[in-house]
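Letter by letter, the chains look like this.
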Amino acid sequence: MGESWFHREFLSAKRLAFNVFFYGTHIFLFAYGWHSQVRYQQETGRSQCFDILRLGFSWRWLVLAYDGGLILLPMLRNVIRVIRPKLTWLFPADENIWFHRQVAYSMAFWSAVHTTAHYVNFINVERTQVRKETALDIHYTQAGGITGHFMLFIMVLMYATAHRKIRNQCFEAFWYTHHLAFFFMLGLFTHATGCFVRDTVEPAYISTFPFYTTEHCLGYLSWRFIMWPAVIYFGERMYREYRARRATRLSKVLVHPSGAMELRIIKPSFKYTAGQWLFIQVPEISRFQWHPFTITSAPEDPYVSIHIRQVGDWTKGLGDRLGVGPSVVAAMTSAAMKGSEKDEKLGQATRGDYVELDGSNSLPTVRLDGPYGAPAEDVFDAEVAVLIGAGIGVTPFASILKHIWYRQRKGNLGTLRRVEFFWVCRDAPSFGWFQSLLQEVEAAQADPNFLRINIYLTQKIGEDMLWNIAVNDAGAAYDPLTLLRTRTMFGRPDWMGIFGQMKQAIETGQYIPGSKSQLKTKVATYFCGPGALASAIKEATTHHTSSSVNFTFAKEHF
């Protein structure tokens with residue numbers, strides 16, 4: 001039986017430690033705010049007004065202020081990239097997006113509590129007339145009510161478009177609404193203007209920041225702490241903008257039968273590690289949008305490459321700009337699906353080949369932001385690396401396999417002693433763009449046991465393709481689909497069986513020579529692809545971990 005959502009989110013070791021600390025600090029701030037408010041009433045004797053307003057005061061605002069500061073920390077991508085190699089053992093640096101979501105969930109909950117409580121407060125003020133004003137006046141004519149509703153409106157937009165289905169179907173909506181965070185933070189820092197909880201009838205305005213006087217207002221000092229993450233974040237964004245403007249040139253575009261566009265970019269100042277990713281902007285398509293993609297070139301290559309599928313408005317717009325839009329790709333894919341021979345011409349290209357565009361075709365200007373860290377960059381720290389890609393999710397492993405190839409030639413593989421590469425594809429044309437690299441890497445293996453390539457095709461095979469496979473596979477030294485020595489397997493992989501066999505081979509000393517004498521063998525599993533497949537692979541690694549074999553699992557996140 002698979003791991004339950006509750007166990008995965010709350011009871012796994014690292015997340016349990018995080019949840020204890022995260023929610024523990026919330027409970028502490030909640031209790032501290034309540035205690036401070038009660039003590040202040042007892043010391044000052046200001047009970048009538050504050051008894052009425054207590055429901056909307058510091059105990060909730062402290063928790064919200066805490067979340068307001070934390071929400072930006074996981075987005076300090078450059079800071080995380082620097083500290084990641086040194087502090088991965090201390091905190092899950094690759095889980096920054098997950099951390100960001102947890103803070104967002106907490107902020108949504110406490111915002112609902114805060115807003116509801118203030119609505120009750122406004123009604124109580126009007127009912128008791130401790131101040132000569134109506135609830136509607138507080139709602140829509142005073143700074144606290146105006147900024148509060150303004151922030152709630154932004155939160156509704158941001159949370160609605162952050163849903164996975166919305167992001168996948170319209171990434172632009174997610175991108176633009178999330179950049180309303182700048183205005184949200186302005187509202188957060190000015191929310192206390194005039195202060196609601198005060199001992200005067202009229203709002204206690206002053207003309208300088210933070211626009212209220214502490215002489216008549218109780219609390220409202222949390223902005224002094226939450227502003228620093230915002231200052232650091234916006235400072236980093238300015239640095240990223242400066243870095244992205246350094247000299248960059250799109251030198252070549254290769255369009256593969258699978259529909260993937262390979263962009264080769266020259267940027268001398270761009271230094272990266274295999275397995276990392278970047279943001280790219282094409283001003284002609286959009287002056288404001290930045291899209292994340294995994295780097296598919298190796299650090300030893302003279303260019304930076306990424307592979308892009310035409311699946312959304314932005315990527316289709318880029319394909320049209322290059323003159324190789326969806327219609328061109330559809331024709332190439334249709335030809336490749338027929339399983340034609342390698343040397344048989346298919347219009348502009350051959351199966352496994354590509355359409356090449358160079359600088360003479362007036363390629364658009366591009367800008368790069370990055371690189372940023374990813375789990376797979378630690379591949380050389382393990383004895384056995386299991387690389388699993390699904391569809392276009394194979395891209396980070398293109399960079400890693402290239403890098404392994406270069407390091408093999410130099411005889412510098414660190415602690416890495418064996419690599420298992422799995423690629424799960426829905427359709428045969430997807431093999432095309434990665435085929436040449438796999439051929440080179442496979443041919444370069446002096447030790448046939450060092451790199452093992454496992455390719456699975458999950459699509460239902462048509463009669464024409466089945467006939468081509470049967471004819472071309474008979475007695476052939478190479479697989480007719482991939483042109484590799486390794487044969488293509490059909491259907492979905494049995495991950496439990498695969499990792500079980502690997503564990504048994506390691507424990508008996510058959511997998512790695514001399515491994516039986518070791519106390520423990522580390523097998524690092526890296527995956528890039530859909531969440532459902534990730535769950536099945538993680539379950540298999542967890543199930544087969546033992547005292548002698550330690551399977552770890554890491555998933556690529558953007």
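As the structure is a computational prediction, the values presented were derived from the model and not from experiment.

Cut-offs and rules
- Residues numbered from 1 in each chain as written.
- Predicted model: local features only at pLDDT ≥ 70, side-chain atom pairs only at ≥ 80, totals over all residues.
- Heavy atoms only, no water.
- Salt bridge = Lys/Arg side-chain N within 4 Å of Asp/Glu carboxyl O.
- Helix = DSSP H or I, 4+ residues; strand = E, 2+ residues; numbered from the N terminus.
- Phe/Tyr/Trp six-rings, centres within 6.5 Å; stacked < 30°, edge-to-face > 60°.
- Buried < 20%, exposed > 50% of the residue type's maximum accessible area, 1.4 Å probe, protein only.
- Pairing = 2+ DSSP bridges.
- Axes fitted to C-alpha atoms, helices over the stretch in contact; angles between N-to-C directions.
- Contact = heavy atoms within 4.5 Å.
- Patch = residues over 30% accessible without salt bridge, like charges linked within 9 Å, V, L, I, M, F, W, Y side chains within 5 Å.
- Areas by Shrake-Rupley, 256 points an atom, 1.4 Å probe, with all protein chains shown as cover.
- Lys, Arg positive; Asp, Glu negative; His and termini not counted.
- Charge placed at Lys NZ, Arg CZ, Asp CG, Glu CD.
- Core = buried A, V, L, I, M, F, W, Y, C linked by side-chain atoms within 4.5 Å.
- Polar contact = N/O pair within 3.5 Å; in protein donor to acceptor, adjacent residues only side chain to side chain.

1. Thoughts on the pattern of salt bridges
Applying the stated rule across the entire model yields nine salt bridges. Between Arg-367 and Glu-241 there is a salt bridge, with the nearest N and O atoms lying 2.7 Å from each other. Linking Arg-367 in strand E7 (residues 367-372) with Glu-241 in helix H12 (residues 223-244), this pair joins segments that are 126 residues apart in sequence. A salt bridge links Glu-420 to Arg-452; the nearest nitrogen and oxygen atoms lie 3.8 Å apart. In this pair, Glu-420 sits in strand E9 (residues 418-425) while Arg-452 sits in strand E10 (residues 451-457), placing the two residues 32 residues apart along the sequence.

2. Quick look at the packing of aromatic side chains
Scanning all chains against the criterion turns up 21 aromatic pairs. Residues Phe-422 and Trp-495 carry aromatic rings whose centres are separated by 5.4 Å and whose planes lie at 70° to one another, so their mutual orientation is edge-to-face. Of this pair, Phe-422 sits in strand E9 while Trp-495 sits in helix H18 (residues 495-507); the two residues are 73 residues apart in sequence, bridging distant segments of the chain. For the pair formed by Phe-422 and Trp-495, the shared burial category is buried. Grouping aromatic residues by their ring pairs yields a cluster made of Phe-171, Phe-174, Trp-175, Trp-277, Phe-279 and Tyr-372.

3. Some thoughts on the sheet that holds strand E3 (residues 277-281)
Strand order in the open sheet formed by three strands is E4-E3-E7, with antiparallel pairing between adjacent strands. What marks the edges here is a single partner per strand, and that holds for strand E4 (291-294) and E7. Pairwise comparison of adjacent strand axes, ignoring direction, gives a mean angle of 30° for this sheet. As defined by bridge partners, E3 adjoins E4 across four bridges and the pair is classed as antiparallel. By the bridge assignment for E4, Ile-280 is matched with His-291. Where H12 meets the sheet, it contacts E3 and E7, and its direction lies at approximately 125° from that of E7.

4. With respect to a positive patch on the surface
A grouping of Arg-101, Arg-164, Lys-165 and Arg-167 is seen on the molecular surface, where their side chains present a positively charged patch. The element best represented in the positive patch is helix H9 (residues 164-169), accounting for three residues. Within the fold, Arg-164 resides in helix H9.

5. Examining the nonpolar core
Ranked by internal contacts, the top residues of the largest apolar core, which has 30 residues, are Ile-71, Leu-72, Met-107, Phe-184, Met-185, Leu-188 and Phe-189. Among the elements of the structure, helix H2 (13-44), helix H4 (58-70), helix H6 (96-128), helix H8 (143-161), helix H11 (181-190) and H12 are those that each provide at least two residues to this core. Tallying contributions element by element places H6 first for this core, with six residues. Sequence-distant contacts of Leu-188, defined by excluding residues within four places in its chain, comprise Trp-61, Gly-68, Met-151 and Ile-226. One finds Ala-274, Leu-416, Phe-450 and Leu-451 within the second-largest nonpolar core, a separate group that totals 28 residues.

6. Some details on a nonpolar patch on the surface
A surface patch of nonpolar side chains, about 360 Å² in accessible area, is lined by Phe-150, Phe-182, Phe-183 and Leu-186. Residue position: Leu-186 is located in helix H11.

7. Notes on the side chain of Ser-305
Assignment of secondary structure puts Ser-305 in strand E5 (residues 304-309). Residue class for Ser-305 comes out buried when judged on its relative accessible area of 1%. At 2.7 Å, the side chain of Ser-305 and the side chain of Thr-296 are in polar contact. The contact partners of Ser-305, leaving out residues within four places of it in the chain, are Glu-262, Leu-263, Arg-264, Thr-294, Ile-295, Thr-296 and Ser-297.

8. Here's the deal with helix H10 (residues 171-178)
Along an α-helix, residues three or four apart share an orientation, since each turn contains 3.6 residues. Along H10, the residues classified as buried are Glu-172, Phe-174, Trp-175 and Thr-177. Elements that come into contact with the buried residues of H10 comprise H8, H9, H11, E3, E4 and helix H13 (313-322).

9. Looking at the environment of Ser-286
Within the element layout of this structure, Ser-286 appears in the loop between E3 and E4. Ser-286 gets classed as buried once you look at its relative accessible area, which sits at 9%. Sequence separation between Ser-286 and Glu-172 is 114 residues, and the spatial gap between their C-alpha atoms is 9.8 Å. Side-chain polar atoms of Ser-286 contact the backbone nitrogen of Gln-289, separated by 3.2 Å.

10. Here's the deal with the side chain of Arg-243
Looking at the secondary structure, you find Arg-243 in helix H12. The residues contacting Arg-243, other than those within four sequence positions of it, are Asn-78, Arg-81, Lys-267, Asp-369, Gly-370 and Tyr-372.

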